[in-house]
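So you can see what is in the structure, the chains are spelled out below.
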Amino acid sequence: MPLGLPAVLRGPTMRGSHRKVVRVTTTSASTVTERISVDRPFFAVEFFPPKDDQGEADLWRAIRRLEVLDPAYVSVTYGAGGSSRDRTVRTVERIATDTTLCSMAHLTAVSHSVDELRHVIGSLAAAGVRNIMALRGDPPGDPLGEWISHPEGLEYADELVSLIKRSGPFCVGVAAFPYGHPRSADLAADTDRLVGKFRAGAEFAVTQLFLEPDGFLRLRDRVAAAGFEQPILPGIMPLTSEKTFHKGPELSGSPLPEALVERLSRYSGDAKAFRAAGMEVTGELCERLIAEGVSGIHFYSLNRSTATTELIERLGLAEQRGTARGGRVPAQPATA
Ligand SMILES: Cc1cc2nc3c(=O)[nH]c(=O)nc-3n(C[C@H](O)[C@H](O)[C@H](O)COP(=O)(O)OP(=O)(O)OC[C@H]3O[C@@H](n4cnc5c(N)ncnc54)[C@H](O)[C@@H]3O)c2cc1C
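Residues numbered from 1 in each chain as written. Predicted model: local features only at pLDDT ≥ 70, side-chain atom pairs only at ≥ 80, totals over all residues.

Draft legend 1. Expanded view of the overall build of the protein chain. The helix and strand inventory of the protein chain stands at 11 helices and 10 strands. Taken over 336 residues, the protein chain has a buried fraction of 42%. When contacts within the protein chain are restricted to residue pairs at least 6 apart in sequence, those whose partners lie at least 24 apart make up 78%. (Helix = DSSP H or I, 4+ residues; strand = E, 2+ residues; numbered from the N terminus. Buried ≥ 20, exposed ≤ 12 C-beta atoms within 10 Å, placed from the backbone. Contact = placed C-beta atoms within 7 Å.)

Here it is in C-alpha coordinates:
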(Lines give C-alpha, C1' and ligand atoms only; values in the text may rest on other atoms or scores of the structure.)
Protein backbone atom coordinates (compact mmCIF):
# COMPACT_ATOMS: atom_id res chain seq x y z
CA MET A 1 0.00 0.00 0.00
CA PRO A 2 1.39 3.43 -0.84
CA LEU A 3 1.71 5.43 2.37
CA GLY A 4 1.25 8.86 0.78
CA LEU A 5 3.98 10.55 2.81
CA PRO A 6 4.43 14.27 2.13
CA ALA A 7 7.58 15.37 0.32
CA VAL A 8 8.72 18.57 2.03
CA LEU A 9 10.38 20.87 -0.46
CA ARG A 10 13.43 22.70 0.82
CA GLY A 11 17.11 23.25 0.31
CA PRO A 12 19.17 25.13 -2.26
CA THR A 13 17.29 26.73 -5.13
CA MET A 14 18.20 25.50 -8.61
CA ARG A 15 20.16 27.98 -10.65
CA GLY A 16 19.07 28.67 -14.20
CA SER A 17 15.79 26.80 -13.90
CA HIS A 18 12.51 28.35 -15.05
CA ARG A 19 10.40 25.25 -14.61
CA LYS A 20 7.07 25.33 -12.81
CA VAL A 21 7.53 24.38 -9.18
CA VAL A 22 4.84 22.22 -7.62
CA ARG A 23 4.32 20.80 -4.17
CA VAL A 24 3.79 17.07 -4.39
CA THR A 25 2.70 14.24 -2.21
CA THR A 26 4.91 11.19 -2.64
CA THR A 27 3.13 7.99 -3.54
CA SER A 28 4.07 5.16 -5.82
CA ALA A 29 1.37 6.54 -8.17
CA SER A 30 3.13 9.91 -8.62
CA THR A 31 4.44 10.80 -12.03
CA VAL A 32 8.11 11.47 -12.63
CA THR A 33 7.20 14.92 -13.90
CA GLU A 34 5.54 15.72 -10.58
CA ARG A 35 8.48 14.34 -8.66
CA ILE A 36 11.16 16.28 -10.55
CA SER A 37 9.30 19.61 -10.63
CA VAL A 38 10.64 20.62 -7.24
CA ASP A 39 12.60 23.62 -6.03
CA ARG A 40 15.68 21.71 -4.89
CA PRO A 41 18.14 19.43 -6.63
CA PHE A 42 17.02 15.80 -6.47
CA PHE A 43 18.33 12.38 -7.35
CA ALA A 44 16.91 9.29 -9.02
CA VAL A 45 18.26 5.75 -9.26
CA GLU A 46 18.32 3.17 -12.01
CA PHE A 47 18.32 -0.58 -11.33
CA PHE A 48 18.35 -3.64 -13.54
CA PRO A 49 16.13 -6.69 -12.98
CA PRO A 50 17.91 -9.32 -10.82
CA LYS A 51 18.90 -12.63 -12.41
CA ASP A 52 18.71 -14.90 -9.36
CA ASP A 53 17.80 -15.03 -5.67
CA GLN A 54 21.09 -13.47 -4.55
CA GLY A 55 20.62 -10.66 -7.07
CA GLU A 56 17.08 -10.17 -5.84
CA ALA A 57 18.29 -9.89 -2.23
CA ASP A 58 21.04 -7.40 -3.21
CA LEU A 59 18.58 -5.32 -5.20
CA TRP A 60 16.05 -5.13 -2.39
CA ARG A 61 18.71 -4.24 0.15
CA ALA A 62 19.73 -1.35 -2.12
CA ILE A 63 16.13 -0.28 -2.70
CA ARG A 64 15.34 -0.22 1.03
CA ARG A 65 18.51 1.76 1.84
CA LEU A 66 17.79 4.33 -0.84
CA GLU A 67 14.05 4.52 -0.15
CA VAL A 68 14.58 6.43 3.10
CA LEU A 69 16.55 9.08 1.21
CA ASP A 70 13.52 9.88 -0.95
CA PRO A 71 14.70 9.53 -4.56
CA ALA A 72 12.52 11.41 -7.04
CA TYR A 73 11.96 8.09 -8.79
CA VAL A 74 13.59 4.72 -9.32
CA SER A 75 13.66 3.00 -12.69
CA VAL A 76 14.17 -0.58 -13.83
CA THR A 77 15.78 -1.40 -17.17
CA TYR A 78 14.24 -3.67 -19.80
CA GLY A 79 16.30 -6.64 -20.98
CA ALA A 80 17.00 -7.99 -24.43
CA GLY A 81 14.39 -10.72 -24.27
CA GLY A 82 12.42 -13.50 -22.58
CA SER A 83 12.53 -13.96 -18.83
CA SER A 84 14.53 -10.80 -18.17
CA ARG A 85 11.64 -8.78 -19.62
CA ASP A 86 9.15 -10.49 -17.28
CA ARG A 87 11.51 -9.75 -14.40
CA THR A 88 11.41 -6.05 -15.25
CA VAL A 89 7.63 -6.01 -15.02
CA ARG A 90 7.67 -8.04 -11.78
CA THR A 91 10.35 -5.83 -10.18
CA VAL A 92 8.59 -2.58 -11.06
CA GLU A 93 5.29 -4.05 -9.91
CA ARG A 94 6.81 -4.94 -6.53
CA ILE A 95 8.34 -1.48 -6.17
CA ALA A 96 4.96 0.06 -6.99
CA THR A 97 3.08 -2.09 -4.47
CA ASP A 98 5.59 -2.68 -1.64
CA THR A 99 7.32 0.71 -1.37
CA THR A 100 6.47 4.41 -1.30
CA LEU A 101 8.76 5.02 -4.26
CA CYS A 102 7.75 6.53 -7.58
CA SER A 103 8.67 3.81 -10.06
CA MET A 104 9.42 3.86 -13.76
CA ALA A 105 9.69 0.88 -16.11
CA HIS A 106 11.97 1.00 -19.13
CA LEU A 107 10.43 -0.50 -22.27
CA THR A 108 12.17 -1.19 -25.58
CA ALA A 109 10.68 -1.68 -29.03
CA VAL A 110 13.28 -4.25 -30.11
CA SER A 111 11.90 -7.72 -31.06
CA HIS A 112 8.34 -6.79 -30.08
CA SER A 113 5.23 -6.50 -32.25
CA VAL A 114 2.95 -3.57 -31.52
CA ASP A 115 0.44 -6.02 -29.98
CA GLU A 116 3.13 -7.33 -27.61
CA LEU A 117 4.12 -3.79 -26.66
CA ARG A 118 0.47 -3.00 -25.94
CA HIS A 119 0.32 -6.09 -23.74
CA VAL A 120 3.40 -5.03 -21.72
CA ILE A 121 2.04 -1.49 -21.38
CA GLY A 122 -1.26 -3.00 -20.13
CA SER A 123 0.59 -5.18 -17.58
CA LEU A 124 2.45 -2.13 -16.30
CA ALA A 125 -0.77 -0.13 -16.02
CA ALA A 126 -2.41 -3.03 -14.13
CA ALA A 127 0.58 -3.08 -11.75
CA GLY A 128 0.05 0.61 -10.98
CA VAL A 129 3.07 1.85 -12.94
CA ARG A 130 2.48 5.30 -14.40
CA ASN A 131 5.93 6.12 -15.73
CA ILE A 132 7.65 4.51 -18.72
CA MET A 133 11.03 5.20 -20.30
CA ALA A 134 10.42 4.62 -24.02
CA LEU A 135 13.44 3.22 -25.86
CA ARG A 136 14.18 1.63 -29.16
CA GLY A 137 16.67 -0.85 -27.66
CA ASP A 138 19.67 -2.35 -29.41
CA PRO A 139 19.88 -5.43 -31.64
CA PRO A 140 20.21 -8.47 -29.32
CA GLY A 141 23.79 -9.76 -29.07
CA ASP A 142 25.60 -6.89 -30.78
CA PRO A 143 24.48 -3.35 -29.84
CA LEU A 144 26.12 -1.99 -33.00
CA GLY A 145 24.85 -4.78 -35.24
CA GLU A 146 22.25 -4.34 -37.96
CA TRP A 147 18.90 -3.10 -36.65
CA ILE A 148 16.11 -5.30 -37.99
CA SER A 149 12.62 -4.17 -37.04
CA HIS A 150 9.99 -6.67 -35.98
CA PRO A 151 7.70 -7.07 -39.04
CA GLU A 152 4.74 -5.88 -36.97
CA GLY A 153 6.75 -3.64 -34.67
CA LEU A 154 8.14 -0.13 -34.47
CA GLU A 155 11.21 1.45 -36.00
CA TYR A 156 12.15 4.31 -33.63
CA ALA A 157 11.59 5.35 -30.03
CA ASP A 158 9.37 8.32 -30.97
CA GLU A 159 6.80 5.81 -32.27
CA LEU A 160 6.91 4.01 -28.93
CA VAL A 161 6.40 7.32 -27.12
CA SER A 162 3.26 7.89 -29.24
CA LEU A 163 2.01 4.35 -28.64
CA ILE A 164 2.41 4.67 -24.86
CA LYS A 165 0.77 8.10 -24.79
CA ARG A 166 -2.20 6.72 -26.79
CA SER A 167 -2.47 3.78 -24.37
CA GLY A 168 -3.20 5.75 -21.20
CA PRO A 169 -2.21 8.64 -18.93
CA PHE A 170 1.46 7.66 -18.71
CA CYS A 171 4.36 9.98 -18.03
CA VAL A 172 7.02 9.10 -20.61
CA GLY A 173 10.79 9.64 -20.55
CA VAL A 174 13.32 9.04 -23.33
CA ALA A 175 17.05 8.55 -23.84
CA ALA A 176 19.45 11.34 -24.78
CA PHE A 177 23.09 11.15 -25.86
CA PRO A 178 25.55 13.94 -24.93
CA TYR A 179 27.90 12.89 -27.74
CA GLY A 180 25.19 11.74 -30.13
CA HIS A 181 23.82 8.23 -30.58
CA PRO A 182 26.32 6.04 -32.48
CA ARG A 183 23.84 5.67 -35.36
CA SER A 184 23.18 9.41 -35.72
CA ALA A 185 24.82 11.17 -38.68
CA ASP A 186 25.86 14.17 -36.56
CA LEU A 187 24.92 16.11 -33.43
CA ALA A 188 22.34 18.25 -35.26
CA ALA A 189 20.51 15.14 -36.54
CA ASP A 190 20.76 13.58 -33.10
CA THR A 191 19.22 16.68 -31.49
CA ASP A 192 16.40 16.62 -34.08
CA ARG A 193 15.61 13.03 -33.07
CA LEU A 194 15.56 13.92 -29.37
CA VAL A 195 13.21 16.84 -29.87
CA GLY A 196 11.13 14.56 -32.13
CA LYS A 197 10.62 12.37 -29.06
CA PHE A 198 9.57 15.43 -27.04
CA ARG A 199 7.15 16.37 -29.84
CA ALA A 200 5.70 12.86 -29.67
CA GLY A 201 4.87 13.48 -25.99
CA ALA A 202 7.96 12.62 -23.93
CA GLU A 203 8.13 14.79 -20.84
CA PHE A 204 11.79 14.42 -19.91
CA ALA A 205 15.01 12.74 -21.02
CA VAL A 206 17.82 10.93 -19.23
CA THR A 207 21.29 10.81 -20.77
CA GLN A 208 23.67 8.03 -21.45
CA LEU A 209 26.48 8.04 -18.89
CA PHE A 210 29.34 10.48 -19.43
CA LEU A 211 32.51 11.47 -17.56
CA GLU A 212 32.98 15.18 -18.23
CA PRO A 213 30.29 17.86 -18.38
CA ASP A 214 30.83 19.63 -21.70
CA GLY A 215 28.93 17.24 -23.97
CA PHE A 216 25.94 17.30 -21.65
CA LEU A 217 25.92 21.09 -21.35
CA ARG A 218 26.13 21.52 -25.14
CA LEU A 219 23.29 19.04 -25.63
CA ARG A 220 21.18 21.03 -23.19
CA ASP A 221 22.01 24.24 -25.08
CA ARG A 222 21.07 22.67 -28.45
CA VAL A 223 17.72 21.47 -27.14
CA ALA A 224 16.99 24.88 -25.57
CA ALA A 225 17.97 26.59 -28.85
CA ALA A 226 15.45 24.34 -30.63
CA GLY A 227 12.77 25.77 -28.30
CA PHE A 228 12.23 22.79 -25.98
CA GLU A 229 12.15 23.06 -22.19
CA GLN A 230 11.74 19.43 -21.17
CA PRO A 231 14.19 18.51 -18.39
CA ILE A 232 17.26 16.55 -19.45
CA LEU A 233 18.70 14.63 -16.52
CA PRO A 234 22.35 13.59 -16.54
CA GLY A 235 22.90 9.85 -16.17
CA ILE A 236 25.90 9.37 -13.87
CA MET A 237 27.67 6.14 -12.99
CA PRO A 238 29.78 6.30 -9.80
CA LEU A 239 33.38 5.47 -10.70
CA THR A 240 34.02 2.81 -8.09
CA SER A 241 36.47 0.62 -9.99
CA GLU A 242 38.81 0.51 -12.96
CA LYS A 243 36.26 -1.74 -14.64
CA THR A 244 33.45 0.84 -14.43
CA PHE A 245 35.86 3.55 -15.61
CA HIS A 246 36.83 1.66 -18.76
CA LYS A 247 33.71 -0.44 -19.45
CA GLY A 248 31.18 2.39 -18.97
CA PRO A 249 32.47 4.58 -21.80
CA GLU A 250 33.12 1.54 -24.00
CA LEU A 251 29.50 0.37 -23.69
CA SER A 252 27.99 3.85 -23.89
CA GLY A 253 30.11 5.34 -26.65
CA SER A 254 31.05 8.33 -24.44
CA PRO A 255 34.66 9.48 -24.73
CA LEU A 256 37.18 8.57 -22.05
CA PRO A 257 38.75 11.99 -21.36
CA GLU A 258 42.56 11.92 -21.54
CA ALA A 259 42.93 14.13 -18.43
CA LEU A 260 40.87 11.66 -16.40
CA VAL A 261 42.84 8.68 -17.68
CA GLU A 262 46.00 10.48 -16.53
CA ARG A 263 44.50 11.42 -13.18
CA LEU A 264 43.21 7.94 -12.37
CA SER A 265 45.88 5.74 -13.96
CA ARG A 266 48.25 6.31 -11.02
CA TYR A 267 45.80 4.32 -8.85
CA SER A 268 45.69 1.37 -11.25
CA GLY A 269 45.96 -1.92 -9.36
CA ASP A 270 45.00 -0.39 -5.99
CA ALA A 271 41.23 -0.94 -5.78
CA LYS A 272 40.72 1.12 -2.61
CA ALA A 273 42.71 4.13 -3.80
CA PHE A 274 41.09 3.95 -7.23
CA ARG A 275 37.64 3.92 -5.68
CA ALA A 276 38.43 6.97 -3.54
CA ALA A 277 39.84 8.90 -6.52
CA GLY A 278 37.04 7.75 -8.85
CA MET A 279 34.37 8.84 -6.37
CA GLU A 280 36.11 12.22 -6.06
CA VAL A 281 35.96 12.59 -9.86
CA THR A 282 32.26 11.62 -9.88
CA GLY A 283 31.50 14.03 -7.04
CA GLU A 284 33.25 16.91 -8.83
CA LEU A 285 31.31 16.13 -12.03
CA CYS A 286 27.98 16.19 -10.18
CA GLU A 287 28.92 19.42 -8.38
CA ARG A 288 29.76 21.11 -11.67
CA LEU A 289 26.45 19.97 -13.18
CA ILE A 290 24.46 21.28 -10.23
CA ALA A 291 26.40 24.57 -10.39
CA GLU A 292 25.35 24.74 -14.07
CA GLY A 293 21.69 24.61 -13.01
CA VAL A 294 21.05 20.90 -13.45
CA SER A 295 17.97 20.07 -11.44
CA GLY A 296 18.64 16.44 -10.64
CA ILE A 297 20.90 13.47 -11.22
CA HIS A 298 19.95 9.99 -12.39
CA PHE A 299 22.41 7.50 -10.89
CA TYR A 300 23.26 4.22 -12.59
CA SER A 301 23.46 2.22 -9.38
CA LEU A 302 24.37 -1.27 -10.67
CA ASN A 303 21.92 -2.44 -7.96
CA ARG A 304 24.16 -1.23 -5.15
CA SER A 305 23.43 1.61 -2.73
CA THR A 306 26.74 2.53 -1.10
CA ALA A 307 28.40 4.66 -3.79
CA THR A 308 25.14 6.35 -4.73
CA THR A 309 24.48 7.13 -1.07
CA GLU A 310 27.96 8.62 -0.61
CA LEU A 311 27.37 10.94 -3.57
CA ILE A 312 23.90 11.88 -2.36
CA GLU A 313 25.39 12.82 0.99
CA ARG A 314 28.25 14.79 -0.55
CA LEU A 315 25.83 16.71 -2.78
CA GLY A 316 23.23 17.25 -0.03
CA LEU A 317 20.48 15.57 -2.08
CA ALA A 318 18.93 13.44 0.67
CA GLU A 319 15.43 13.93 1.96
CA GLN A 320 15.07 11.42 4.73
CA ARG A 321 11.65 10.13 5.54
CA GLY A 322 10.73 9.71 9.18
CA THR A 323 13.96 11.32 10.43
CA ALA A 324 15.11 14.84 11.05
CA ARG A 325 15.41 16.54 7.65
CA GLY A 326 18.91 17.21 6.48
CA GLY A 327 20.42 14.64 8.82
CA ARG A 328 23.29 12.41 7.80
CA VAL A 329 22.45 9.38 5.72
CA PRO A 330 22.62 6.00 7.44
CA ALA A 331 26.05 4.38 7.66
CA GLN A 332 26.51 1.54 5.18
CA PRO A 333 29.16 -1.03 4.38
CA ALA A 334 31.51 0.30 1.67
CA THR A 335 30.98 -2.47 -0.87
CA ALA A 336 30.38 -0.63 -4.13
C1 LIG B 1 18.82 6.52 -19.96
C2 LIG B 1 18.90 5.31 -20.85
C3 LIG B 1 18.24 4.15 -20.49
C4 LIG B 1 18.31 3.02 -21.30
N5 LIG B 1 17.65 1.88 -20.91
C6 LIG B 1 17.68 0.77 -21.69
C7 LIG B 1 16.97 -0.40 -21.32
O8 LIG B 1 16.30 -0.46 -20.27
N9 LIG B 1 17.03 -1.49 -22.13
C10 LIG B 1 17.75 -1.46 -23.31
O11 LIG B 1 17.77 -2.48 -24.01
N12 LIG B 1 18.42 -0.35 -23.70
C13 LIG B 1 18.40 0.77 -22.92
N14 LIG B 1 19.08 1.90 -23.31
C15 LIG B 1 19.86 1.87 -24.55
C16 LIG B 1 19.03 2.29 -25.79
O17 LIG B 1 18.00 1.36 -26.02
C18 LIG B 1 19.98 2.33 -26.98
O19 LIG B 1 20.94 3.36 -26.78
C20 LIG B 1 19.35 2.44 -28.34
O21 LIG B 1 20.36 2.21 -29.34
C22 LIG B 1 18.77 3.81 -28.65
O23 LIG B 1 17.56 3.95 -28.11
P24 LIG B 1 16.71 5.30 -28.32
O25 LIG B 1 15.48 5.09 -27.54
O26 LIG B 1 17.53 6.49 -28.08
O27 LIG B 1 16.40 5.18 -29.91
P28 LIG B 1 15.90 6.27 -30.97
O29 LIG B 1 15.52 7.54 -30.35
O30 LIG B 1 14.89 5.57 -31.82
O31 LIG B 1 17.21 6.52 -31.82
C32 LIG B 1 17.94 5.44 -32.39
C33 LIG B 1 18.74 5.95 -33.59
O34 LIG B 1 17.85 6.21 -34.66
C35 LIG B 1 17.92 7.56 -35.04
N36 LIG B 1 16.52 7.97 -35.29
C37 LIG B 1 15.56 8.16 -34.35
N38 LIG B 1 14.38 8.49 -34.94
C39 LIG B 1 14.62 8.50 -36.29
C40 LIG B 1 13.83 8.75 -37.43
N41 LIG B 1 12.53 9.07 -37.32
N42 LIG B 1 14.41 8.66 -38.67
C43 LIG B 1 15.72 8.35 -38.80
N44 LIG B 1 16.54 8.10 -37.73
C45 LIG B 1 16.01 8.17 -36.50
C46 LIG B 1 18.54 8.31 -33.87
O47 LIG B 1 19.23 9.47 -34.30
C48 LIG B 1 19.49 7.26 -33.32
O49 LIG B 1 20.68 7.25 -34.04
C50 LIG B 1 19.05 3.04 -22.51
C51 LIG B 1 19.72 4.22 -22.88
C52 LIG B 1 19.66 5.34 -22.06
C53 LIG B 1 20.39 6.58 -22.45
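Draft legend 2. Structural context of the site of the ligand. Close to the ligand lie 24 residues, the nearest being Thr77, His106, Arg136, Ala157 and Ala175. Elements that contribute at least two residues to the shell around the ligand include exactly β5 (103-108), β6 (131-135), α5 (157-167), α6 (187-199) and β8 (204-209). Element by element, the count of residues in the shell around the ligand is highest for α6, at four residues. (Near = placed C-beta within 6 Å.)

Draft legend 3. Highlighting the packing of helix α9 (residues 258-265) against helix α10 (residues 271-291). Across the interface, α9 lies against α10 with an axial gap of 10 Å and an inter-helix angle of 150°. Put simply, α9 runs roughly antiparallel to α10. Read as a crossing pair, α9 and α10 show a hand that is right-handed. Between α9, through Leu260, Arg263 and Leu264, and α10, the contact on the second element is made entirely by Phe274, Ala277, Gly278 and Val281. Within the contact of α9 with α10, the residues separate by chemical class into five nonpolar, one polar and one charged. (Axes fitted to C-alpha atoms, helices over the stretch in contact; angles between N-to-C directions. Parallel < 35°, antiparallel > 145°, perpendicular 65-115°, else oblique. Left-handed = near helix turned anticlockwise from the far one by under 90°. Nonpolar A, V, L, I, M, F, W, Y, C, P; charged D, E, K, R; others polar.)

Draft legend 4. Broad picture of the sheet that holds strand β3 (residues 42-47). On the basis of which strands lie adjacent, the closed barrel formed by eight strands has the order β3-β4-β5-β6-β7-β8-β9-β10 and parallel pairing. Pairs of neighbouring strands in the sheet enclose a mean axial angle of 30°, with direction left out of account. With five bridges connecting them, β5 and β6 associate as parallel partners. Note that in β6 the partner of Ala105 across the bridge is Ile132. Sheet contacts for helix α7 (residues 214-225): β7 (171-176), β8 and β9 (232-236); angle to β9, the most-contacted strand, approximately 165°. Along the sheet face, α10 touches β9 and β10 (296-300) and points at about 175° away from the line of β9. (Pairing = 2+ DSSP bridges.)

Draft legend 5. A look at helix α2 (residues 53-67). Taking 1.5 Å per residue as the helical rise, α2 with its 15 residues ought to reach 21 Å, and the 21 Å between its terminal C-alpha atoms agrees with that figure. Those residues of α2 hidden inside the fold are in contact with β3, β4 (74-76), α3 (82-98) and α11 (306-315). (Expected span 1.5 Å × (residues − 1).)

Draft legend 6. Broad picture of the environment of Arg275. If you trace the backbone, Arg275 turns up in helix α10. In this structure the C-alpha to C-alpha distance between Arg275 and Glu242, which are 33 residues apart in sequence, comes to 8.1 Å. Setting aside residues no more than four positions away along its own chain, Arg275 makes contact with Thr240 and Ser241.

Draft legend 7. Local environment of the nonpolar core. Formed by 80 residues in total, the largest nonpolar core has its most connected members in Ile132, Ala134 and Leu160. Excluding anything up to four places from it in sequence, Leu160 contacts Leu107, Ala109, Leu117, Ala134 and Leu154. (Core = buried A, V, L, I, M, F, W, Y, C linked by C-beta atoms within 7 Å.)

In short, the description is geometric, and any link to function would need to be established separately.
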